[in-house]
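Observations on the model geometry
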Amino acid sequence: MSNTLKITPKNDHWTKSTCAYCGVGCGIEAKVDWDSEGNKNVTVRGDESHPANYGRLCSKGLALGDTVISDGRMDTPSINGQATTWDKALDHVATSFSNTIKKYGPDSVAFYVSGQLLTEDYYVANKLMKGYIGSANIDTNSRLCMSSSVAGHKRAFGTDTVPNCYEDIEHTDMIVLTGSNLAWCHPVLYQRLKAAKAAKPSLKVIVIDPRETDTCELADLHLAIQPGSDVALFNGLLNYLDEHGHINDDYVSQYTEGFEQALSVAKDDTGTNGLDYLATSRSTGIPIPYLETFYEWFANTQKVMTYYSQGVNQSSAGTDKVNSIINCHLATGRIGLKGSGPFSVTGQPNAMGGREVGGLANMLAAHMEFGNTDDHNAISTFWDTDNLATKPGLRAVDMFDAVAEGKIKAIWIMATNPVVSLPNANKVKEALKNCPLVVVSDCVTDTDTVRCADVVLPAKGWAEKSGTVTNSERRISRQRALIASDYYGNEPNPKLTGPKSDWWIMSQVALRMNFAGFNFTCEADIFREYAAMTTLNNEGARDLDLGALTRISNEEYDQLSPQQWPLESGASLDSGEKISQKRFFAEGNFYTPSKKGQFVAVGYRAPASNISKEFPMILNSGRIRDQWHTMTRTGLANQLSGHKPEPYVQINPQDARCFNLKEGDIAELNNTYGIAKARVQFSSEMNPGQLFMPIHWTDVESSQGKVCSLVSPEVDPVSAQPELKFTPVAIKAWNYACEGLLLTRTAIDTDMLNSIDYWVRRRVNGGFLYYLAQSADSSTDTEQRQANAEPSLLNI
Ligand code: SF4
């Protein structure tokens with residue numbers, strides 16, 4: 001097997017595609033240049049015609065070209081560490097899954113997939129597991145980022161639908177950003193907001209976040225909310241709106257149900273005889289004058305948007321938080337209007353596409369439902385199967401618990417790194433190590449999850465894949481291959497080596513399991529089938545309708561410009577001249593049985609775990625500006641790694657004094673789940689009693705920088721989304737005797753690193769930079785070990 005991948009040119013003109021990272025779904029244009037020796041340079045710029053970004057890109061999007069490198073790319077299938085052919089690997093996976101199902105039943109196997117997959121990949125995964133294997137044990141890492149929004153939407157609207165559009169940023173009078181560090185996590189939307197505020201200075205921006213993040217630079221008002229208390233804040237708002245006569249009685253009576261019950265519970269939380277500011281302030285930690293200002297502004301501003309993201313969703317009360325926000329928009333009739341509505345911003349590039357095609361264990365494809373006989377029969381006929389799953393499957397945390405308990409005996413993980421990103425991450429790692437069969441499809445050779453795999457399958461990466469993604473505003477965009485990947489390595493026969501599309505890999509396994517219905521020849525085949533499925537039993541019954549795309553030709557699919565759904569049969573497609581902005585629910589027409597929007601009575605519940613004498617600090621976690629997920633791609637771009645080179649823990653200086661921590665120390669955080677180490681960073685952004693650590697570092701990039709080692713597996717009871725923003729921990733200084741930097745041309749062997757107490761690596765031009773530290777009581781001589789570690793070191 002060759003370690004150096006040869007990437008052959010596909011074209012040398014500007015190709016329109018989509019950014020690989022967040023749910024904004026920015027359009028990009030990329031150009032691949034090749035020199036005479038076959039070296040390539042990928043240049044990326046924003047697509048000025050794409051309605052998500054109109055040419056803007058953030059630092060991650062701009063650096064996409066730097067991540068298209070052959071270093072570390074997985075290029076050959078392997079079984080138990082031995083390189084093999086595609087034929088053998090696919091046979092092995094198919095036979096092993098078939099045997100497991102035969103012996104233990106369909107619920108003994110599972111797929112754990114990802115918002116990084118394209119819609120076509122997702123569709124095939126869902127069809128194989130739910131349609132043919134007959135289990136719904138397929139869940140996606142989107143469970144960790146927005147499943148509370150999905151559940152909240154379904155409770156209120158009867159469908160998982162974002163009612164508004166990005167364009168509303170330019171039309172609104174006030175934007176409430178809650179649980180969203182938009183400046184870092186969805187930077188292009190932040191740039192749009194910044195431009196909108198510059199054009200209209202009266203546009204008010206309110207940021208609700210325990211931390212004073214960079215997003216607060218635009219804020220007219222920052223509410224440093226007590227973590228987890230959002231329901232109390234929005235119940236207070238509902239109470240205020242009622243008390244001060246701001247309920248839109250016409251909208252509420254004509255189009256909704258459940259207002260009185262929701263208001264009654266809100267009053268129980270925040271004052272039965274009018275709003276009790278003191279009680280609400282105590283629950284939320286927000287001073288009364290700030291509450292007064294927020295409530296008054298919300299009530300008296302005509303057009304209000306509320307953007308929410310992981311700070312709302314990643315909570316044991318995430319679904320209730322979502323509904324407490326939606327309640328306030330329904331009560332004022334501010335929904336689906338130009339400049340007014342609630343808006344969930346998704347974290348991943350195709351989290352929305354996954355939701356559309358049934359990537360979540362509790363949903364069928366095309367927004368159809370378990371328990372609905374018509375839906376069940378329609379799908380069974382459509383897929384020509386008599387084995388369609390009849391009940392929801394295991395959701396992410398439960399799925400890996402079932403692996404740990406030996407109930408799931410074969411799991412296939414695609415394009416994600418759950419050993420890093422799931423709560424109680426050390427348990428997940430142990431569970432996979434003990435699982436009889438772990439198959440991992442990825443494009444990266446060395447991840448924490450690949451290290452647990454029995455079978456690894458090289459999948460195409462961002463620059464090689466072709467298909468579609470759907471962004472947060474329901475807009476479907478094409479992702480187009482920039483380079484070919486069928487001829488990796490020295491072997492020109494694509495049957496032998498070379499990464500493959502995820503849909504192709506799964507289809508091949510399905511066919512080898514003797515399942516019909518997987519003879520797809522290209523992505524367009526799958527897309528047409530998916531579009532046709534959205535029309536089943538759907539004459540206005542569901543809003544997700546792609547009837548206009550059911551017959552597109554391969555060429556039309558190839559040329560498809562961004563399209564926002566719904567796109568019913570006969571609807572005209574968007575083009576350069578026409579860009580649709582479709583909104584929902586301004587005049588009712590919800591997708592509930594009564595066709596009315598539902599207020600959901602939600603009372604404030606404290607987070608599932610609480611601080612104690614032993615674990616007195618609340619640890620919050622999140623993204624940083626220049627990294628993405630577990631750094632398997634953004635970690636490849638040197639300039640992105642420079643932004644925050646080491647895992648760090650932010651702490652208020654006052655707390656730091658109490659814990660005897662100095663700026664730049666290495667801190668050890670611990671609780672009953674695990675230990676993490678991170679560099680101490682003083683920050684007045686943090687309220688006393690709270691800490692923040694980024695989510696990105698892994699066991700491949702650091703010794704103990706993995707924040708999810710500490711996170712408890714508590715989940716929201718409705719959405720099953722884990723509580724990633726509220727982890728009680730202890731913190732103390734970690735005493736080390738020496739520290740240093742090591743610059744190497746090549747990565748240091750993992751076994752060698754295991755003997756070093758603290759290490760973090762990052763890429764730099766021409767090699768790697770290691771941050772090292774060794775504890776005082778270490779039995780091994782550090783200098784000697786470092787000298788042995790890397791003979792080609794350039795500097796210490
Ligand atoms: Fe990519 Fe999101 Fe940045 Fe847009 S905002 S360029 S989609 S990471």
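Just above sits the structure.
These remarks concern the structure in this document. Computed from a predicted model, the values in this text were never measured in an experiment. (Residues numbered from 1 in each chain as written. Predicted model: local features only at pLDDT ≥ 70, side-chain atom pairs only at ≥ 80, totals over all residues. Heavy atoms only, no water.)

This part is about the overall build of the protein. A tally of regular secondary structure across the protein gives 26 helices and 29 strands. Counting only C-alpha atoms, the protein reaches 75 × 65 × 55 Å along its principal axes. Out of the 796 residues belonging to the protein, those deemed buried represent 63%. Sequence-distant contacts in the protein: of pairs separated by 6 or more residues, those separated by 24 or more amount to 74%. A total accessible area of about 27800 Å² is found for the protein, and carbon and sulfur atoms account for 46% of it. The average position of the 73 basic charges and that of the 92 acidic charges among the side chains of the protein differ by 1 Å. (Helix = DSSP H or I, 4+ residues; strand = E, 2+ residues; numbered from the N terminus. Buried < 20%, exposed > 50% of the residue type's maximum accessible area, 1.4 Å probe, protein only. Contact = heavy atoms within 4.5 Å. Areas by Shrake-Rupley, 256 points an atom, 1.4 Å probe, with all protein chains shown as cover. Lys, Arg positive; Asp, Glu negative; His and termini not counted. Charge placed at Lys NZ, Arg CZ, Asp CG, Glu CD.)

What follows deals with unusual backbone geometry. Leave glycine aside and you will find that most residues have negative phi; peptide bonds, for their part, are mostly trans. Of the consecutive residues tryptophan 565 and proline 566, the connecting peptide bond is found in the cis state with omega at 10 degrees. Residue placement: proline 566 occurs in the loop between β19 (563–564) and β20 (597–598). Even without being a glycine, asparagine 80 presents a positive backbone phi close to 50 degrees. In this fold, asparagine 80 is placed in the loop between β4 (78–79) and β5 (82–83). According to the relative accessible area criterion, asparagine 80 is exposed, its value standing at 56%.

Each packed pair of helices is defined by two parameters, the angle between the axes and the distance between the axes. Where helix α16 (residues 373–383) meets helix α21 (residues 523–533), the closest approach of the two axes is 11 Å, and the angle between their N-to-C directions is 150 degrees. Our classification of the angle between α16 and α21 gives roughly antiparallel. Where α16 crosses over α21, the two elements pack in a sense that is right-handed. Contact with α16, carried on its side by Ile379, Phe382 and Trp383, involves Glu529, Ala532 and Met533 of α21 and no other residues of that element. Taken together, the residues that form the contact of α16 with α21 break down as five nonpolar, no polar and one charged. (Axes fitted to C-alpha atoms, helices over the stretch in contact; angles between N-to-C directions. Parallel < 35°, antiparallel > 145°, perpendicular 65-115°, else oblique. Left-handed = near helix turned anticlockwise from the far one by under 90°. Nonpolar A, V, L, I, M, F, W, Y, C, P; charged D, E, K, R; others polar.)

A few words now on the state of the cysteines. Tallied over the full model, the rule gives zero disulfides. Cysteine cysteine 708 shares no disulfide, and the gap to the nearest cysteine sulfur, in cysteine 145, comes to 13 Å. (Disulfide = S-S within 2.5 Å.)

Taken together, the neighbourhood of the ligand is formed by Cys19, Tyr21, Cys22, Gly25, Cys26, Leu57, Cys58, Lys60, Gly61, Pro187 and Val188. Counted by class, the shell around the ligand contains eight nonpolar, two polar and one charged residues. (Near = heavy atom within 4 Å.)

A word on helix α2 (residues 86–104). Compared with the 27 Å implied by 1.5 Å per residue over 19 residues, the 27 Å span of α2 between its first and last C-alpha is a close match. Among the residues making up α2, those that are buried are Trp86, Ala89, Leu90, Val93, Ala94, Ser96, Phe97, Thr100 and Ile101. On an axial view of α2, the arc spanned by its buried residues comes to 165 degrees, and they lie on one face. Residues of α2 that are exposed and angled more than 90 degrees away from the buried face: Lys88, Lys102 and Lys103. Where α2 terminates, the next one or two residues include glycine 105, which has phi positive at roughly 95 degrees. (Expected span 1.5 Å × (residues − 1). Arc of directions from axis to C-beta.)

Moving on, we come to the sheet that holds strand β3 (residues 40–46). Reading across from one edge, β1-β2-β3 is the order of the three strands in this open sheet, with antiparallel pairing throughout. The sheet is open, and its two edges are formed by β1 (15–18) and β3, each paired on a single side. On average, adjacent strands in this sheet sit at an angle of 35 degrees to one another, irrespective of strand direction. Across seven bridges, the pairing between strand β2 (residues 27–34) and β3 is antiparallel. Opposite alanine 30, over in β3, you have valine 44 as the bridge partner. (Pairing = 2+ DSSP bridges.)

With respect to the helices and strands, threonine 270 occurs in helix α10 (residues 259–270). Between the C-alpha atoms of threonine 270 and alanine 541, which are 271 residues apart in sequence, the distance is 38 Å. The contact partners of threonine 270, leaving out residues within four places of it in the chain, are Ala232, Asn235, Gly236, Asn239, Leu275, Asp276 and Thr280. Side-chain polar atoms of threonine 270 contact the side chain of asparagine 239, separated by 3.0 Å. Within the local environment of threonine 270, its side chain forms a polar contact with the backbone oxygen of alanine 266, the two atoms lying 2.7 Å apart. (Polar contact = N/O pair within 3.5 Å; in protein donor to acceptor, adjacent residues only side chain to side chain.)

To continue, consider the pattern of salt bridges. One pass over the structure, following the stated rule, counts 39 salt bridges. Of the charged contacts in the structure, one is a salt bridge between arginine 583 and glutamate 167, with a shortest N-O distance of 2.7 Å. With arginine 583 in the loop between β19 and β20 and glutamate 167 in the loop between α4 (147–157) and α5 (168–171), this residue pair connects regions lying 416 residues apart in the sequence. For arginine 583, a relative accessible area of 21% puts it in the partly exposed group. With a shortest N-O distance of 3.1 Å, aspartate 320 and arginine 605 are connected by a salt bridge. (Salt bridge = Lys/Arg side-chain N within 4 Å of Asp/Glu carboxyl O.)

Among the structural elements, serine 709 can be located in the loop between β25 (690–694) and β26 (727–733). Residue serine 709 is classed as buried on the basis of its relative accessible area of 4%. Along the backbone, serine 709 and asparagine 137 are 572 residues apart, and their C-alpha atoms lie at a distance of 24 Å.

One open sheet accounts for three strands, arranged β17-β18-β19; its pairing is antiparallel. Two strands lie at the open edges of the sheet, namely β17 (467–470) and β19, each paired on one side alone. Pairing of strand β18 (residues 475–479) with β19 involves two bridges; the strand directions are antiparallel. Each residue of the ladder has a partner; that of arginine 475, found in β19, is glutamine 564.

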